[in-house]
Amino acid sequence: MHIVITGGAGFLGRRLADRLLSRGTLRGVDGSETIVRRITLVDIVPPPSSPDPRLAAAAGDISDPAFLASVIAPDTTSVFHLAAVVSGMAEADFDLGMRINLDATRSLLDVCRARGTAPRVVFTSSVAVYGGDMPAKVLDSTALNPQTSYGTQKAAAELLIGDYTRRGFVDGRIMRLPTITVRPGRPNAAASSFASGVVREPLNGQEAVCPVDPDARLWVLSPSAVVECLITGHELAPARFGASRAVNLPGLSVSAGEMVAALERVAGADVARRVRWQRDARIARMVASWPAEWDTSRAESLGFAGVESFDQIIRDYLREAPNPAR
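What counts, and where the lines are drawn
- Residues numbered from 1 in each chain as written.
- Predicted model: local features only at pLDDT ≥ 70, side-chain atom pairs only at ≥ 80, totals over all residues.
- Heavy atoms only, no water.
- Axes fitted to C-alpha atoms, helices over the stretch in contact; angles between N-to-C directions.
- Helix = DSSP H or I, 4+ residues; strand = E, 2+ residues; numbered from the N terminus.
- Parallel < 35°, antiparallel > 145°, perpendicular 65-115°, else oblique.
- Left-handed = near helix turned anticlockwise from the far one by under 90°.
- Contact = heavy atoms within 4.5 Å.
- Nonpolar A, V, L, I, M, F, W, Y, C, P; charged D, E, K, R; others polar.
- Phe/Tyr/Trp six-rings, centres within 6.5 Å; stacked < 30°, edge-to-face > 60°.
- Buried < 20%, exposed > 50% of the residue type's maximum accessible area, 1.4 Å probe, protein only.
- Pairing = 2+ DSSP bridges.

A.B. asks: Lay out the packing of helix H8 (residues 256-267) against helix H12 (residues 310-320) in plain terms, naming residues and giving numbers.
C.D. replies: Across the interface, H8 lies against H12 with an axial gap of 9 Å and an inter-helix angle of 55°. Taken together, the axes of H8 and H12 lie oblique to each other. Seen along the crossing, H8 lies across H12 with a hand that is right-handed. Touching Met259, Ala262, Leu263, Arg265 and Val266 of H8 are Phe310, Asp311, Ile314, Arg315 and Leu318, all from H12. Residue composition of the contact of H8 with H12, grouped by class: seven nonpolar, no polar and three charged.

Structure, rendered in structure tokens:
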């Protein structure tokens with residue numbers, strides 16, 4: 001089995017690769033466990049090197065069809081398409097968002113189509129595909145109504161994957177990800193970046209600015225749980241999806257205030273006091289356009305699992321992070 005992971009230099013791509021390598025096998029098209037013989041990490045910057053001979057790396061622009069054709073080889077059985085321009089950046093630079101989030105996705109699908117082998121494609125979409133006048137609880141079948149360029153690009157890519165799957169060009173699976181927290185490293189341009197910052201920075205002895213009001217709610221999931229969901233999504237038999245290949249992953253609905261309260265319970269009041277509330281109207285508006293309550297009964301019936309509490313998410317980060325200063 002040859003697996004390609006776009007966005008392979010990112011924290012989620014590397015986590016996924018490490019998990020697949022540790023498993024050693026992945027259930028393939030025929031439903032049987034297949035040995036993972038090669039994983040190619042694809043990104044605009046060179047992914048970190050690894051001593052594992054099963055891991056290869058390729059640096060290039062995924063909006064370049066020739067580059068995609070060079071990395072999605074004829075023996076590629078599976079593609080995890082994680083690469084994207086994040087929400088805030090896609091809103092600030094429309095052309096960049098369209099080129100990477102939409103045009104590159106179509107190019108990837110066309111390369112897969114040209115291979116003639118209908119590889120399994122797992123696509124990471126977003127809760128940003130929803131918005132506007134929404135029901136109290138969002139269903140997988142709730143109409144897509146994005147309120148940002150990022151959400152629009154993800155929604156359009158979902159439709160393409162659905163049609164390429166219907167035509168038999170690929171075996172697509174669409175995972176609508178909650179906000180992933182806690183992300184390691186430095187803040188990025190995503191509007192939801194604060195959901196990691198209000199935990200990560202205080203635990204590292206630094207001040208964090210929360211740009212939304214305490215009652216602003218997000219739908220969140222931990223990195224390790226997301227990786228397991230991506231693998232679950234890959235391994236599902238096609239017939240189990242029914243009429244739609246898109247699945248809203250099970251997450252946790254939590255307000256910014258509840259995040260900070262959980263931080264205080266886990267790490268203490270001194271750490272929680274490092275969060276400063278300073279509203280940013282642009283970010284607050286974008287976050288308010290995303291849904292925060294979900295009916296995930298379909299995902300759970302398919303075998304996807306979430307997390308129990310935001311306290312658990314923080315404890316997972318403390319266990320995995322390199323010595324937070326506190």
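A.B. asks: I'd love a proper account of the packing of aromatic side chains, names of residues and values included.
C.D. replies: Tallied over the entire structure, the rule returns three aromatic pairs. Relative to Trp294, the ring of Tyr130 lies with its centre 5.4 Å away and its plane at 65°, an arrangement referred to as edge-to-face. Note that Tyr130 is positioned in the loop between strand E7 (120-126) and helix H5 (149-166) and Trp294 in the loop between helix H10 (281-288) and helix H11 (297-301), a separation of 164 residues in sequence. The pair formed by Tyr130 and Trp294 is uniform in burial state, with each residue classed as buried. Residues Trp219 and Trp294 carry aromatic rings whose centres are separated by 5.7 Å and whose planes lie at 40° to one another, so their mutual orientation is tilted. You can see Trp219 sitting in strand E11 (residues 217-221) and its partner Trp294 sitting in the loop between H10 and H11, a full 75 residues away along the chain. For Trp219, a relative accessible area of 7% gives the class buried.

A.B. asks: I'd like a rundown of the sheet that holds E11, residues and numbers included.
C.D. replies: Taken together, three strands build an open sheet; the order of strands is E9-E11-E13 and the sheet is mixed. On the outer flanks of this sheet lie strand E9 (179-180) and strand E13 (252-255), each paired with one strand and no other. As paired strands, E11 and E13 are joined by four bridges and run antiparallel to one another. Counterpart to Val220 in the pairing with E13 is Leu252.

A.B. asks: Let's hear about the sheet that holds strand E4 (residues 38-43): which residues, and what values?
C.D. replies: In spatial order, the strands read E5-E4-E1-E6-E7-E8-E12; together these seven strands make up an open sheet with parallel pairing. Each edge of the open sheet is held by one strand with a lone partner, namely strand E5 (55-59) and strand E12 (246-248). Recorded for the sheet is a direction-independent mean angle of 20° between the axes of neighbouring strands. One ladder, built from seven bridges, connects E7 with strand E8 (residues 171-177); its direction is parallel. From the neighbouring strand, Thr124 faces E8, where its bridge partner is Met175. Most of the contacts of helix H1 (residues 11-23) go to E4, to which it runs at about 180°, and overall it touches strand E1 (2-6), E4, E5, strand E6 (76-81) and E8.

A.B. asks: Can you explain the packing of helix H6 (residues 194-203) against H12? Please cite residues and give values.
C.D. replies: With their axes 11 Å apart at the nearest point, H6 and H12 run at an angle of 50° to one another. Taken together, the axes of H6 and H12 are oblique relative to one another. Classified by chirality, the crossing of H12 by H6 is right-handed. Residues Ala195, Val199, Arg200 and Leu203 of H6 form the contact with H12, whose own contacting residues are Phe310, Ile314, Tyr317 and Leu318. Grouping the constituent residues of the contact of H6 with H12 by class yields seven nonpolar, no polar and one charged.

A.B. asks: Could you give an account of unusual backbone geometry, naming the residues involved and the relevant values?
C.D. replies: Cis geometry marks the peptide bond from Thr181 to Val182, where omega comes out at 15°. Its identity as a non-glycine residue notwithstanding, Ala118 has a phi of 45°, on the positive side. Position of Ala118 relative to the elements: it lies in the loop between helix H4 (94-115) and E7. Ala118 sits in the partly exposed class, given a relative accessible area of 25%.

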